[in-house]
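# Residue-level structure breakdown
In case you want the letters, here they are:
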Amino acid sequence: MNEPAALTDPPTSSATHAPRSIGEPSHALVDRSLVAVGGGAACIVGLVLVAVAVVVLEMALPSLRELGFGFVTGRHWDPVHGDFGALPFLFGTLVTSLVALLLAVPVALGVALFLTDLGPPLLRRPVAALVELLAAVPGVVYGLWAAIVLAPLLRTTVEPALEAHLGFLPMFRGPKVGVGLLCASVVLAVMILPTIASMSREVLRAVPAELREGGLALGATRWDVVRRIVLPHAKSGIFGAILLGFGRAVGETMAVAMVVGSRADITGSLFSPGYTMASVIANEFAEATSTLHVAALAEIGLLLFGVTLAFNVTARLLVSRVRGPEAALARVARPREESA
Amino acid sequence: MRTELDAAYSGRTLAARAATAASCIAVAIALVPLLAILLYVAQRGLGALSWSFFTSLPKPVGEGGGGMANAIVGTLELVGLASLIGIPIGIAAGLFLAEYRTTLLARVGRFSADVLAGVPSIIVGIVVYAVVVVRMQRFSTLAGALALAVLMLPLVARTTDELARTVPDSLREAALALGASRWRIAIHVVLRTASPGIRAGCMLAVARVCGETAPLLFTAFNNRFWNESVLDPTSSLQVQIFTYTMSPYDDWHAQAWAAALVLVAIVVVLNLVARRVLRGPRAA
């Protein structure tokens, strides 16, 4: 364990020497019951997670049994005729999340470096506060803005411009309707930007100040320090932050549902309407009538759960590994508490 | 003062300047959508906001006027109930995770909380639908609140955990030496010392679920009228924004902007207050 672990005795061994009066319950008893409450609450967290996994799996069972592996390779989704192929949703989620990452990562890294190394110190705090505000705006408000402001802007200005200059690529050709994969990607990029920026900032901050000072003392410029010392040191943590952003993009539902166009189709064009895993659940779950339709949507939920789980766990491992040295330094800084 | 050395390294200083400029540009790009959204929400929202927005029920399309009184109350009710469920359990779990951090249960609990925090909220929605709505055979405020509570739980637990762990062990040892029991310490020493941070964390968790929409779609559903009890479906600002945005009517779009303004105001105020609470003792 990395953290200072001074208190190691098991919960039950906690004895108390406080005087007690007759008639009051013994402190040991109160103590034990309060430990039980805390432990119970911790159990609830674990049980909720297990319950989520089990319930989604159980709901998806009819679909898993009946459709088998064809579910993830099927290209047609037509609940009315009993056609359930989830590939268009996997495709839509992958495309929108990847494009969102491409748009968001360079900007987010720029912001993170601004906040830790490159920006004028006076501006760092207000910029950090604004970026956090960006994270606080509810997804549905992003969706509203994207549907009413961004989509028309894409249709009238951005998409024609992209086609005119980059139209030789098939992904920048097609019907210019505004709502579609591109619009969803842009909203997602805006939404995951603060996640990646603030996680990266934390990772960059964890790079020991001694390393930076050493570099500067040797005559390196701030950028040299960033490029040669800070970034290599924080590499895997930044990768973790990016994965975390990807996990958020995959799971984001409302903003995407409002602008993705809601058509279960696989096309090569970013302009055309599509669908994602989370948004099809949001749109169809309440109206699904047949058992198989509900189960198929639950199986999409199960896939979504699996994907986000894998990404989040990997990301957290990467980020905590980088946080490690800082925690170690902190321990060295106050060894007295460690020895207790 | 310029020296020869500076001149020799001008290439590097140039690169440093370019990097600084690039990071400034990145900040500008990041802030454009934020400012655009806030500006649009403020401008269009204020234009559509009126007294009746806060006092009357939604009107059918074309009648004009009408408001979202039931949705505003619905959001407060949902978030209030969710907080009642999620915050106490979250704080208790968080304290356990911090005070018994080396036990197996604490490690499993911390891992579960981290994983649960990353589960997409729509999945929590379908789980609560299957467990609560299907059993009770009705959409209800209670089901919506439960879904939101599940989302709050890991946030509150992990914040409490992290903050409780910043409380120096010397304080715990002093209390132990005075004969206090472990949970007395947890409540009277650790919780009290970390309380500004924990309060701020709870506010941020509340702010976070105020905006959650996806898990409400199949749990609290929607309601054109007031909900009579917690067992009735309820309207909420979040779901109303979604429904009205997806409609083709300009009236409803205007109402959606107004609802967005109210929602963003709630969230921003909670965030600012949380920040204030967090900074309070340090400034003093």
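The structure presented is a predicted model; accordingly, all values stated were derived computationally and were not measured.

### Comments concerning the overall build of chain B
Check the secondary structure of chain B and you find eleven helices and zero strands. Seen in sequence order, chain B has helices and strands lined up from the N terminus as α-α-α-α-α-α-α-α-α-α-α. A compact globule built from 284 residues would reach a C-alpha radius of gyration of about 19 Å, whereas chain B, at 24 Å, exceeds it by more than 25%. Projected onto the principal axes, the alpha-carbon positions of chain B cover approximately 75 × 65 × 35 Å. Counting every position in chain B, which comprises 284 residues, the buried fraction comes to 53%.

### A short note on the overall build of chain A
The helix and strand tally for chain A stands at twelve helices and two strands. The order of helices and strands in chain A, counted from the N terminus, is α-α-β-β-α-α-α-α-α-α-α-α-α-α. Burial analysis of chain A (340 residues in total) assigns 47% to the buried set. Restricting to contacts in chain A with at least 6 residues of sequence separation, those with at least 24 account for 75%.

### So, the nonpolar core
Counting residues in hydrophobic clusters, the biggest one holds 207 residues, and the most contacted among them are Val-141, Val-187 and Val-259 of chain A. Residues within four places of Val-141 of chain A in sequence aside, it is in contact with Ile-37, Val-41, Ile-241, Ala-260, Leu-263 and Val-264 of chain B.

### Some points on the environment of Ala-48 of chain B
Residues and elements named next belong to chain B. Examined against the element boundaries, Ala-48 turns out to sit in helix 2 (residues 10–48). Sequence separation between Ala-48 and Trp-257 is 209 residues; the distance between their C-alpha atoms is 7.2 Å. Ala-48 has contacts with Ala-254, Gln-255, Trp-257 and Ala-258, leaving out every residue within four places of it along the chain.

### Comments concerning the interface of chain A and chain B
Tallying the contact residues gives 84 residues for chain A and 84 residues for chain B. Among the elements that take part in the side of chain A that touches chain B, helix 1 (residues 27–67) of chain A stands out by supplying 19 residues, more than any other. Of the residues that constitute the side of chain A that touches chain B, the class distribution is 59 nonpolar, 19 polar and six charged.

### Section: the packing of helix 3 (residues 87–118) of chain A against helix 4 (residues 121–136) of chain A
All names here are of chain A. In the contact formed by helix 3 and helix 4, the axes pass within 9 Å of each other and the chain directions differ by 145°. Considering the relative orientation of helix 3 and helix 4, their crossing is left-handed. On helix 4, the residues touching Val-111, Phe-114 and Leu-115 of helix 3 are Arg-124, Val-127, Ala-128 and Val-131. Of the residues contributing to the contact of helix 3 with helix 4, the split by class is six nonpolar, no polar and one charged.

### Examining unusual backbone geometry
With phi around 50°, Ser-262 of chain A is a residue other than glycine that occupies positive phi space. Here Ser-262 of chain A is to be found in the loop between helix 9 (254–259) and helix 10 (277–284). Judged by C-beta crowding, with 20 C-beta atoms within 10 Å, Ser-262 of chain A ranks as buried. Of note in this structure, Phe-221 of chain B is not a glycine but carries a positive phi near 55°. Judged by local crowding, Phe-221 of chain B falls into the buried class, with 22 C-beta atoms found within 10 Å.

### Re the packing of helix 4 of chain A against helix 2 of chain B
Interhelical geometry of helix 4 of chain A versus helix 2 of chain B gives an angle of 45° and a closest axis separation of 10 Å. On the basis of their axis angle, the class for helix 4 of chain A and helix 2 of chain B is oblique. For the pair helix 4 of chain A and helix 2 of chain B, the crossing hand works out as left-handed. Two secondary-structure elements touch here, helix 4 of chain A through Val-127, Leu-130, Val-131, Leu-133 and Leu-134 of chain A and helix 2 of chain B through Val-27, Ala-30, Leu-31 and Leu-34 of chain B. For the contact of helix 4 of chain A with helix 2 of chain B, a count of residues per class yields nine nonpolar, no polar and no charged.

### What about the environment of Pro-154 of chain B?
If you trace the backbone, Pro-154 of chain B turns up in helix 7 (residues 141–166). Pro-154 of chain B sits 65 residues away from Thr-219 of chain B along the chain, and the two C-alpha atoms are 20 Å apart. Beyond its immediate chain neighbours, meaning those up to four positions away, Pro-154 of chain B contacts Val-45 of chain A together with Ala-113, Leu-116 and Ala-117 of chain B.

### A look at helix 7 of chain B
Residues and elements named next belong to chain B. In this model, helix 7 (26 residues) spans 37 Å end to end at C-alpha, consistent with the 38 Å of a helix rising 1.5 Å per residue. Along its length, helix 7 reaches its greatest deviation from straightness, about 30°, at Met-152, and the proline Pro-154 lies no more than four positions downstream. With 23 of 26 residues buried, helix 7 lies mostly within the body of the structure.

### Some words on the confidence of the model for chain A
Residues and elements named next belong to chain A. When pLDDT is averaged along chain A, the result is 85, and 86% of the positions lie at 70 or above. The least confident element of chain A, judged by mean pLDDT, is helix 12 (residues 335–338) at 36; the most confident is helix 3 at 95. A low-confidence stretch, residues 1–18 stays under pLDDT 50, and its non-local contacts, those more than four residues away or across chains, total 34 contacts. In the model, residues 324–340 has pLDDT below 50 throughout and makes 18 contacts with residues more than four positions away in sequence or in other chains.

### Some words on helix 5 (residues 104–118) of chain B
Here helix 5 of chain B contains 15 residues, and its C-alpha end-to-end distance of 22 Å stays within 8% of the 21 Å for a straight helix at 1.5 Å per residue. The set of residues buried in helix 5 of chain B consists of Ala-106, Gly-109, Arg-110, Ser-112, Ala-113, Val-115 and Leu-116 of chain B.

### Some points on the environment of Gly-118 of chain B
Position of Gly-118 of chain B among the secondary structure elements: in helix 5. Setting aside residues up to four positions removed in sequence, Gly-118 of chain B forms contacts with Gly-247, Thr-308 and Asn-312 of chain A.

The rules behind the values
Residues numbered from 1 in each chain as written. Chains lettered and ligands numbered in written order. Predicted model: local features only at pLDDT ≥ 70, side-chain atom pairs only at ≥ 80, totals over all residues. Helix = DSSP H or I, 4+ residues; strand = E, 2+ residues; numbered from the N terminus. Rg over C-alpha atoms; globule rule 2.2 N^0.38 Å. Buried ≥ 20, exposed ≤ 12 C-beta atoms within 10 Å, placed from the backbone. Contact = placed C-beta atoms within 7 Å. Core = buried A, V, L, I, M, F, W, Y, C linked by C-beta atoms within 7 Å. Nonpolar A, V, L, I, M, F, W, Y, C, P; charged D, E, K, R; others polar. Axes fitted to C-alpha atoms, helices over the stretch in contact; angles between N-to-C directions. Left-handed = near helix turned anticlockwise from the far one by under 90°. Parallel < 35°, antiparallel > 145°, perpendicular 65-115°, else oblique. Expected span 1.5 Å × (residues − 1). Bend = angle between axes of the 7 residues up to and from the residue. pLDDT = per-residue confidence, 0-100.

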